[in-house]
Amino acid sequence: MSRSTQKVAPLECLLAGTLSYGTLMASAVVCAGLGLAMIGARLGAPRLAILRDMRIATIGIALFILLPVARVIVMVIAYLRQRDYRLSAIALLVLTVILLGFAVGLAGRRGKTAAASMQVRGESVAPHEIRDISRMQDSLPVKAAGTRTPSLCQTTIRVEENRI
């Protein structure tokens, strides 16, 4: 066994262990969240309890997404301990690119509203139009019981007719 092979073998074992245990942990969290949500749905639990359980499953999915980041972090630490500064610099560059992409994604998400667009009759409706539609619905007079109030699609048609 050559000297370079001896350095790589422990790193590969460490990375394999990190990914396998990370996968097991993320899978267990997803299964626990889905299982709790299914049990809650069968027992007639309130909707908020089911949503809480689904958030647990979402955390498990986030753990799956973070596994490659954990792998790069383990590589940086391993290369620094081996004093292989060239490979540690490359791993740090990869980690920097991942974190910058994450930061840019969060910054782009903050600038948008929660409902970026909505599909009405196959057409995309902009957020400001959605706000206008909801304001129109709020300003409609309250009718007596037994009468019909216009739906969102009917209100959208009225808004479109007013623009023409």
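Residues numbered from 1 in each chain as written. Predicted model: local features only at pLDDT ≥ 70, side-chain atom pairs only at ≥ 80, totals over all residues. Heavy atoms only, no water.

**Q** Can you break down the overall build of the protein residue by residue, with the values?
**A** Across its full length, the protein holds five helices and two strands. Counted from the first residue to the last, the protein has its helices and strands arranged as α-α-α-β-β-α-α. A total of 164 residues make up the protein; the buried ones form 20% of that total. For the protein, the share of sequence-separated contacts (at least 6 apart) that also reach a separation of at least 24 residues comes to 48%. Put simply, the protein shows about 12400 Å² of open surface, and 66% of that area lies on carbon and sulfur atoms. (Helix = DSSP H or I, 4+ residues; strand = E, 2+ residues; numbered from the N terminus. Buried < 20%, exposed > 50% of the residue type's maximum accessible area, 1.4 Å probe, protein only. Contact = heavy atoms within 4.5 Å. Areas by Shrake-Rupley, 256 points an atom, 1.4 Å probe, with all protein chains shown as cover.)

**Q** So, helix α3 (residues 85-110): which residues are in play, and what are the values?
**A** For α3, built from 26 residues, the straight-helix expectation of 38 Å at 1.5 Å per residue is met to within 8% by its first-to-last C-alpha distance of 37 Å. Looking at α3, one finds that the buried residues are Ser-88, Ala-91 and Leu-95. (Expected span 1.5 Å × (residues − 1).)

**Q** Tell me about the nonpolar core, residues and numbers included.
**A** If you look at the biggest cluster of nonpolar residues, it comprises eight residues: Leu-11, Leu-15, Val-74, Met-75, Val-76, Ala-78, Tyr-79 and Ala-91. At the level of secondary structure, the elements contributing two or more residues to this core comprise α1 (3-42) and α2 (47-81). Once residues lying within four places of it in the same chain are set aside, the contact partners of Val-76 are Ser-88, Ala-91 and Leu-92. (Core = buried A, V, L, I, M, F, W, Y, C linked by side-chain atoms within 4.5 Å.)

**Q** If you had to explain the side chain of Ser-88 to someone new, which residues and values would you point to?
**A** Structurally, Ser-88 is set in helix α3. Overall, the relative accessible area of 3% leaves Ser-88 in the buried class.

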